[in-house]
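# Report on the structure
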Amino acid sequence: MLTPPSLLVSVRLAALISLSFGGAIGLMFLMLGCALPVYDKYWPLFLLFFYILSPIPYCISRRVVDDTDSASNACKELAIFLTTGIVISAFGLPIVFARAEVIAWGACALVLTGNVVIFGTILGFFLVFGSNDDFSWQQW
């Protein structure tokens, strides 16, 4: 029988594997929207910058802000605002590309599907590994 610490590690390992699978599926949709012979335009790859930038404001605010304060914090709210702006921009860019006829609408649909999966994976990472226990992303 598993002891509670080893059970927690196995649950987190399963979550990490699931999140890795989700990230791979999301990137597959992004690549399909770029590389299929019907579409053959690589402009949607600029979304990789948004994927990299989206968790940065929240990670910085978690390092700076002390969580003992129960009241609302301006630094944390600014980080959530900036993260929201990055995510909305990541959803808006393929639509702007499709409206300007830079990419096809089918490629836009594949890229938006990839966006949903990737940002869901990022959110899942912060929900699973964002607690303040001993095995946390804050130690990285």
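Going by the structure above, here's the rest.
From a predicted model like this one, the values you see are computed outputs, not experimental measurements.

Reading the values: rules and limits
- Residues numbered from 1 in each chain as written.
- Predicted model: local features only at pLDDT ≥ 70, side-chain atom pairs only at ≥ 80, totals over all residues.
- Heavy atoms only, no water.
- Patch = residues over 30% accessible without salt bridge, like charges linked within 9 Å, V, L, I, M, F, W, Y side chains within 5 Å.
- Areas by Shrake-Rupley, 256 points an atom, 1.4 Å probe, with all protein chains shown as cover.
- Salt bridge = Lys/Arg side-chain N within 4 Å of Asp/Glu carboxyl O.
- Helix = DSSP H or I, 4+ residues; strand = E, 2+ residues; numbered from the N terminus.
- Polar contact = N/O pair within 3.5 Å; in protein donor to acceptor, adjacent residues only side chain to side chain.
- Contact = heavy atoms within 4.5 Å.
- Buried < 20%, exposed > 50% of the residue type's maximum accessible area, 1.4 Å probe, protein only.

A surface patch of nonpolar side chains, amounting to about 810 Å² of accessible area, comprises W43, F46, F49, I52, L53, I56, I60 and V64. Residue assignment for the nonpolar patch shows that the elements contributing at least two residues are α2 (47-53) and α3 (56-64). Relative to the helices and strands, L53 is located in helix α2.

What follows covers the side chain of T121. Relative to the elements of secondary structure, T121 occurs in helix α5 (residues 105-129). Polar side-chain contacts of T121 include one of 2.8 Å to the backbone oxygen of V117. The residues contacting T121, other than those within four sequence positions of it, are L19, G22 and G23.

Before going further, it helps to examine unusual backbone geometry. Although it is not a glycine, D40 sits at a positive phi angle of roughly 50°. Looking at where D40 falls in the secondary structure, it is placed in the loop between α1 (4-35) and α2. Phi at E101 takes a positive value of approximately 60°, unusual for a residue other than glycine. Following the sequence through the fold, E101 ends up in the loop between α4 (74-99) and α5. Accessibility expressed as a relative area gives 69% for E101, which makes it exposed.

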